[in-house]
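Fold and geometry: a report
What follows is each chain in one-letter form.
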Amino acid sequence: MDSVTPYLSDAYGFVQGGFNSVNSQILALVIALGAAVLMKEWKKIWVVALGATVIQILVAAIVPVLSGATFKLPPLVTVGFWMGAAATYIGLLIVIAVFFFVKKNVLKAA
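Below, the structure is looked at part by part. Just so it is clear, the model here is predicted, and its values are computed rather than measured.

Brief notes about the overall build of the protein
When its secondary structure is counted, the protein shows 4 helices and 0 strands. Along its sequence from the N terminus, the protein presents helices and strands in the succession α-α-α-α. Dimensions along the principal axes, computed over C-alpha positions, put the protein at roughly 50 × 45 × 20 Å. For the protein, the proportion of its 110 residues judged to be buried stands at 23%. In the protein, the share of contacts with a sequence separation of at least 24, taken over all contacts with a separation of at least 6, comes to 80%. Carbon and sulfur atoms provide 74% of the accessible area of the protein, an area that totals close to 7,500 Å².

This is the structure:
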């Protein structure tokens, strides 16, 4: 069990980092809310979260252009980019699940 604990700790840190990243950005929360509103059933959450992640990455690349900067593609060939994208996916997955749960169970009763 002692050999598994560091891996579980790393996995928990990764999930927590992804959630904190999404939770601290209003734009990511708006994207997650929109995804939860459009989602119809639980089994679609994986695809919806993937779509929301792609939208989040595209928006992050386009917003600086609106401020007058030149357009640059994200560093697609770096491990850091893909780790960040995976963390964003996990964070959006959690937030979309929470929003969808509220939509299906709390708002339905109101």
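As for helix H2 (residues 26-38)
Over its 13 residues, H2 extends 18 Å from the first C-alpha to the last, a length consistent with the 18 Å expected when each residue adds 1.5 Å. Looking at H2, one finds that the buried residues are Ala-28, Ile-31, Ala-32, Ala-35 and Ala-36. Projection of H2 onto a plane perpendicular to its axis shows the buried side chains occupying an angular sector of 135°, all on one side. Opposite the packed face of H2, turned more than 90 degrees from it, sit the exposed residues Ile-26, Val-37 and Leu-38. The inward-facing, buried residues of H2 contact helix H1 (5-23), helix H3 (45-66) and helix H4 (79-106).

What to know about the packing of H3 against H4
As a packed pair, H3 and H4 sit with axes 9 Å apart at the nearest point and diverge in direction by 125°. Taken together, H3 and H4 sit at an angle that is classed as oblique. Along this stretch, H3 crosses H4, giving a crossing that reads as right-handed. In contact with Ile-45, Trp-46, Val-48, Ala-49, Leu-50, Ala-52, Thr-53, Gln-56 and Ile-57 of H3, H4 contributes Phe-81, Ala-85, Thr-88, Tyr-89, Leu-92, Leu-93, Ile-96 and Ala-97.

What about the pattern of salt bridges?
All chains considered together, the criterion is met by 1 salt bridge. Across the pair Lys-43 and Glu-41 runs a salt bridge whose closest N-O atoms are separated by 3.9 Å. For Lys-43, a relative accessible area of 63% corresponds to the exposed category.

Here we look at the packing of aromatic side chains
One pass over the full model with this rule turns up 2 aromatic pairs. Ring geometry for Trp-42 versus Phe-100: centroids 4.9 Å apart, planes at 90°, classification edge-to-face. Remark: Phe-100 occurs in helix H4 and Trp-42 occurs in the loop between H2 and H3; sequence separation between them is 58 residues. Residue class for Trp-42 comes out partly exposed when judged on its relative accessible area of 40%.

Notes on H4
Look at H4: 40 Å from first C-alpha to last across 28 residues, which is about the 40 Å you get at 1.5 Å a residue. Contacts made by the buried residues of H4 are with H1, H2 and H3.

Thresholds applied
Think of each chain on its own: its residues are numbered from 1, step by step along the sequence as written. With the structure being a predicted model, the display of local features is reserved for residues of pLDDT at least 70 and the display and counting of side-chain atom pairs for 80 or more, all residues being used for whole-chain, interface and lining totals. Water and hydrogen atoms play no part in the side-chain values, which are based on all heavy atoms of the structure. Only runs of H or I of at least four residues qualify as helices and only runs of E of at least two qualify as strands under DSSP, and these elements are numbered from the N terminus. Only protein chains enter the area calculation, which uses a 1.4 Å probe; residues under 20% of their type maximum are buried, those over 50% are exposed, and those in between are partly exposed. Throughout, a contact is declared for two residues whenever any of their heavy atoms are within 4.5 Å. Every accessible area reported is derived by Shrake-Rupley at a probe size of 1.4 Å, with residue values counting cover from the shown protein chains alone. A helix is expected to reach a length of 1.5 Å times the quantity of its residues less one. The arc in question is formed by the directions pointing from the helix axis toward the C-beta atoms. Whenever a helix is involved, its axis is fitted only over the stretch in contact; in every case the axis is a line through C-alpha atoms, and angles between N-to-C directions fall within 0 to 180 degrees. Any angle between 65 and 115 degrees counts as roughly perpendicular, while under 35 counts as roughly parallel, over 145 as roughly antiparallel, and the rest as oblique. Two helices crossing with the near one rotated counterclockwise from the far one by less than a right angle form a left-handed crossing, whereas a clockwise rotation gives a right-handed crossing. Only one rule defines a salt bridge in this text: a Lys or Arg side-chain nitrogen within 4 Å of an Asp or Glu carboxyl oxygen. The aromatic pairing rule takes the rings of Phe, Tyr and Trp, using the six-membered ring of Trp, and pairs them if the centres are within 6.5 Å, calling planes under 30 degrees apart stacked, those over 60 edge-to-face and the rest tilted.

In short, shape yes, function no, at least from these values alone.
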